[in-house]
Amino acid sequence: MSPQLTEFFDFLRIPSVSTDSKHREDVRNCADWLVNKFTSMGLKPELHETPGHPVVIARNEPKPDRPTVMIYGHYDVQPVDPVDEWDTDPFEPTLKGDKIFCRGATDNKGQHFAHVLGVEETLKEHGDLPVNVIFLLEGEEEIGSPNLAPFLEQHREALACDICAVSDTGMIGPGIPTLTYGLRGIACLEFTIHGPSLDLHSGVYGGAVPNPATIVSRLIATLHDENEMVQIPDFYSSVKPLEDWEREMWASLPDGDAATIEETGVRGLLGEADYTALEQRWGRPTAEVNGVGGGYQGEGSKTVIPREAMAKLSFRLVPDQDPEEILRLASDHLRNHCPESCKIDVELGHHGPAYVMDPHSKYGQAAQRALESAFSEKPRLIREGGSIPIIQSVKDIIGVDTLLLGLALPDCQIHAPNENFTVSNFEAGIKLNRALLEELRN
Ligand code: BES
Ligand code: ZN
């Protein structure tokens, strides 16, 4: 195995699950590991404490006459649950054919580590980089980056740059370079319905008292109509329609409806009638149920009316929806539909707006040339359904756009069991970094 892969595997073995307090030390060890790596490359790393997990910054010696490129990534990973559905140990990187199976392999360790190694190669060969580079690696992306926007505010001057580059999105297929020029935003909430003051015998009281699990289900059912349109009043009022050029461009991509069925294993699609699967996934807002709880979940039956039940919702947002406004509309909607016989608590969660940039700008064109040189093929231009809320904060606070140069393949299984990254994309990522820094040179 190449020394680069051996090193990547060491990085992957650190179980840096940001959401789980049991892994707090592991997340820190991962940040320390990066600091050591940057030191060994001759960069100047800094580990910054935050109220949560640390931020790692590393830079080369800046020179005044060349552009500064910020490379963002996240070293935290999603939890491994359901762990029984992994074919291999989630934190023991396992190579099968071209694929490396491990939590974080694609999202996002493999993708940003390829940039780190690209920089290392260039430094070894030339002793310098064509541009000033600032790596910004955080440990809280998977929990909504609660401390990163304040960090950007505090270090606005130190982080001043001309452009940001991120590999944390997808490619439309193996070998097809893809520039993502837009991301959906996100807004999360959780609501709990409180009914009786204690769990009740469902025979003794059923029928006369409200059942919180039923009420939660009813509230969830108010979210969509039979055409899958979200029914929260004013939900669509600031949605920017898709542009004709992008609908045309996406229509020329391989059949997205068929690919969506194939990748997800569903029997058929369900969605707004006038939009293709790609348009819905990349350019339309949604209301999703991410979790429902309440009542007996164990083996067999238990005749109970649970005293409370809950659901976790998230909304994917498009330009120009305002996440805080959407959370307000959604909370009002849920409260308005909760019967007086129950109490509802709505807890608002993390949120961030959608992001779009011009893929034909000077930097967008440089990114396209770099992708073409790494993959020997013309890049496709897409938007994506996932969210990286900090990207809009980089625009608002640092004042620069972000080039989203994704390396995730459709079957990489991010956030799911058997997450994997291909060795080919890992190597292409290293080439991509080298080409990108060269293209961004003055
Ligand atoms: N890498 C993903 C985002 C992503 C995935 C963008 C695929 C485009 C295509 C990122 O790590 C992620 O999972 N983001 C979360 C954001 C949230 C927790 C604030 C998401 O999209 O759910
Ligand atoms: Zn993720």
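Everything below is about the structure shown above.
This write-up is about the structure you can find in this document. (Residues numbered from 1 in each chain as written. Chains lettered and ligands numbered in written order. Predicted model: local features only at pLDDT ≥ 70, side-chain atom pairs only at ≥ 80, totals over all residues. Heavy atoms only, no water.)

**Some words on the overall build of the protein**
Here's step 1: Helix and strand content of the protein: 13 helices and 18 strands.
Here's step 2: Against the 2.2 N^0.38 benchmark of 22 Å for 442 residues, the protein shows a C-alpha radius of gyration of 23 Å, consistent with a compact globule.
Here's step 3: Its C-alpha atoms put the protein at 80 × 50 × 45 Å along the principal axes.
Here's step 4: For the protein, buried positions account for 53% of its 442 residues.
Here's step 5: For the protein, the exposed surface amounts to about 19600 Å²; the carbon and sulfur share of it is 48%.
Here's step 6: The positive charge centre, built from 38 side chains, and the negative charge centre, built from 70, are 3 Å apart in the protein. (Helix = DSSP H or I, 4+ residues; strand = E, 2+ residues; numbered from the N terminus. Rg over C-alpha atoms; globule rule 2.2 N^0.38 Å. Buried < 20%, exposed > 50% of the residue type's maximum accessible area, 1.4 Å probe, protein only. Areas by Shrake-Rupley, 256 points an atom, 1.4 Å probe, with all protein chains shown as cover. Lys, Arg positive; Asp, Glu negative; His and termini not counted. Charge placed at Lys NZ, Arg CZ, Asp CG, Glu CD.)

**Let's talk about the site of ligand 1**
Here's step 1: Taken together, 15 residues are adjacent to ligand 1, and Glu141, Asp168, Arg316, Ser387 and His415 come closest.
Here's step 2: Interatomic distance of 3.1 Å between a side-chain N/O atom of Glu142 and an oxygen atom of ligand 1.
Here's step 3: His415 has a polar side-chain atom sitting 2.8 Å from an oxygen atom of ligand 1.
Here's step 4: For ligand 1, whose accessible area on its own is 520 Å², the fraction buried by protein is 88%.
Here's step 5: Residue composition of the shell around ligand 1, grouped by class: 2 nonpolar, 7 polar and 6 charged. (Near = heavy atom within 4 Å. Polar contact = N/O pair within 3.5 Å; in protein donor to acceptor, adjacent residues only side chain to side chain. Nonpolar A, V, L, I, M, F, W, Y, C, P; charged D, E, K, R; others polar.)

**Regarding the pairing of strand E13 (residues 308-317)**
Here's step 1: Of all 10 residues that make up E13, 7 are buried, and the element is covered over most of its length.
Here's step 2: When strand E9 (residues 185-194) meets E13, the two strands line up antiparallel, connected through 10 bridges. In the strand pairing of E13, Ala187 is matched with Phe315.
Here's step 3: The pairing of strand E11 (residues 286-294) with E13 spans 8 bridges and is antiparallel. Paired with Gly291 across the strands is Lys312, a residue of E13. (Pairing = 2+ DSSP bridges.)

**Some remarks on the sheet that holds strand E14 (residues 343-352)**
Here's step 1: Here we have 4 strands laid out as an open sheet, ordered E11-E13-E9-E14, and antiparallel in their pairing. In the strand order of this sheet, the two ends are held by E11 and E14, each with one partner. Each strand axis lies, on average, 15° off the axis of its neighbour in the sheet, ignoring direction.
Here's step 2: In this structure, E9 lies alongside E14, joined through 8 bridges in antiparallel fashion. Residue Leu189 lies in a different strand from E14, and its bridge partner there is Leu348.
Here's step 3: Seen against the sheet, helix H6 (residues 212-221) touches E9, E11, E13 and E14 and runs at an angle of roughly 150° to E9.
Here's step 4: The strands that helix H10 (residues 323-337) touches are E9, E13 and E14; relative to E14, the one it contacts most, it runs at about 165°. (Axes fitted to C-alpha atoms, helices over the stretch in contact; angles between N-to-C directions. Contact = heavy atoms within 4.5 Å.)

**Regarding the sheet that holds strand E5 (residues 99-101)**
Here's step 1: Here we have 3 strands laid out as an open sheet, ordered E4-E5-E18, and antiparallel in their pairing. Bordering the open sheet on either side are strand E4 (94-96) and strand E18 (420-422), each of which pairs with just one other strand. When strand polarity is set aside, the average angle formed by the axes of neighbouring strands in this sheet is 30°.
Here's step 2: In this sheet, E5 lies alongside E4 in antiparallel orientation, the contact comprising 3 bridges. Paired with Leu95 across the two strands is Ile100, which belongs to E5.

**Thoughts on the pairing of strand E16 (residues 380-384)**
Here's step 1: The buried fraction of E16 is high, at 4 of 5 residues.
Here's step 2: Sheet topology places strand E8 (residues 178-183) next to E16; 5 bridges connect them, and they run parallel. Counterpart to Leu179 in the pairing with E16 is Leu381.

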